[in-house]
Amino acid sequence: MKMCHSEVIKYIKELENRKEVLLTQERTGRTYTHLEDGSKTVPDYNYSETRSEVDKLDAKIRHLRHLLAVANCNVNVDGFGVTIGEALVMLAQLQNKCELLREMSAFPQKSQRTTYSGKVEITECNYDVVEAGRDYEQVRQTINKLQVAIDRANLTNYVEVE
């Protein structure tokens, strides 16, 4: 069966959720407490079945992640000249750059304050704050375009899933 990358990503999340439910049930059912002279209520828990089911889910998740990793190395993102894998790294880099430029563009070009001794201390940015603001906006727009291009690639490219 063919699935687009976005469907595979959602399927992986669904499998991870199933695994988490199993592990939660295991945490609550693997032990029980009772009084020495009282009756026991033993939870419905089977160690072997639970381990087997978790292992099957892990294998399926691992397989699907591998399919996506291979596809991410081969599928190009339109307009950027990079693969999805490279685009994801680029996106993280741009987000870090955007945060730095946001901080830099928020500073006043020149500010002053009076010290405890009554002297005026002047602080000046060693760069053009307006230019940093323009760069921030440009990087923000590039991030938006890149995110859309990655989403489009994930929706229009398919992998064969058994």
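Please read all numbers here as calculations on a predicted model, not as lab measurements.

**Student:** Give me the lowdown on the environment of Arg65, citing residues and values where you can.
**Tutor:** The residue Arg65 is located in helix α2 (residues 47–74) in this model. Sequence separation between Arg65 and Ile9 is 56 residues; the distance between their C-alpha atoms is 8.3 Å. Excluding residues that lie within four positions of it along the chain, Arg65 makes contacts with Ile12 and Glu16.

**Student:** Before we move on, can you summarise the side chain of Thr142 with the specific residues and values?
**Tutor:** Relative to the helices and strands, Thr142 is located in helix α4 (residues 129–156). What Thr142 contacts, discounting residues up to four positions off in sequence, is Phe80 and Leu94.

**Student:** Would you mind going over the nonpolar core in detail, with residue names and values included?
**Tutor:** Inside soluble globular proteins, nonpolar side chains tend to come together where they are buried. Counting residues in each nonpolar core, the largest one holds 31 residues, and the members touching the most others are Val8, Leu64, Val77, Leu146 and Val161. Elements that contribute at least two residues to this core include exactly α1 (5–29), α2, α3 (84–106) and α4. With near-sequence residues (within four places) excluded, Leu64 lies in contact with Val8, Tyr11, Ile12, Leu15 and Val161.

**Student:** Can you break down α3 residue by residue, with the values?
**Tutor:** For α3, spanning 23 residues, the distance from its first C-alpha to its last is 32 Å, which sits close to the expected 33 Å at 1.5 Å a residue. Against the buried residues of α3 lie α1, α2, β2 (76–77), β3 (82–83) and α4.

**Student:** Talk me through the pairing of strand β4 (residues 110–114); I want residue IDs and the actual numbers.
**Tutor:** Along β4, only zero of the five residues are buried, which leaves the element largely exposed. Taken together, the five bridges between β4 and strand β5 (residues 120–124) define a ladder with antiparallel strand orientation. Paired with Gln112 across the two strands is Ile122, which belongs to β5. Remark: five residues form the turn of the hairpin made by β4 and β5, two consecutive strands paired antiparallel; Gly118 in that turn has positive phi of roughly 90 degrees.

**Student:** Before we move on, can you summarise the pattern of salt bridges with the specific residues and values?
**Tutor:** In this structure the tally under the stated criterion is eight salt bridges. Two residues, Glu16 and Arg65, come together in a salt bridge whose shortest N-O distance is 2.6 Å. Linking Glu16 in helix α1 with Arg65 in helix α2, this pair joins segments that are 49 residues apart in sequence. Residues Arg51 and Glu26 are paired through a salt bridge, measuring 2.6 Å at the closest nitrogen-oxygen approach. On the criterion of sequence distance, the pair formed by Arg51 in helix α2 and Glu26 in helix α1 is long-range, its members being 25 residues apart.

Conventions used here
- Residues numbered from 1 in each chain as written.
- Predicted model: local features only at pLDDT ≥ 70, side-chain atom pairs only at ≥ 80, totals over all residues.
- Heavy atoms only, no water.
- Helix = DSSP H or I, 4+ residues; strand = E, 2+ residues; numbered from the N terminus.
- Contact = heavy atoms within 4.5 Å.
- Core = buried A, V, L, I, M, F, W, Y, C linked by side-chain atoms within 4.5 Å.
- Buried < 20%, exposed > 50% of the residue type's maximum accessible area, 1.4 Å probe, protein only.
- Expected span 1.5 Å × (residues − 1).
- Pairing = 2+ DSSP bridges.
- Salt bridge = Lys/Arg side-chain N within 4 Å of Asp/Glu carboxyl O.

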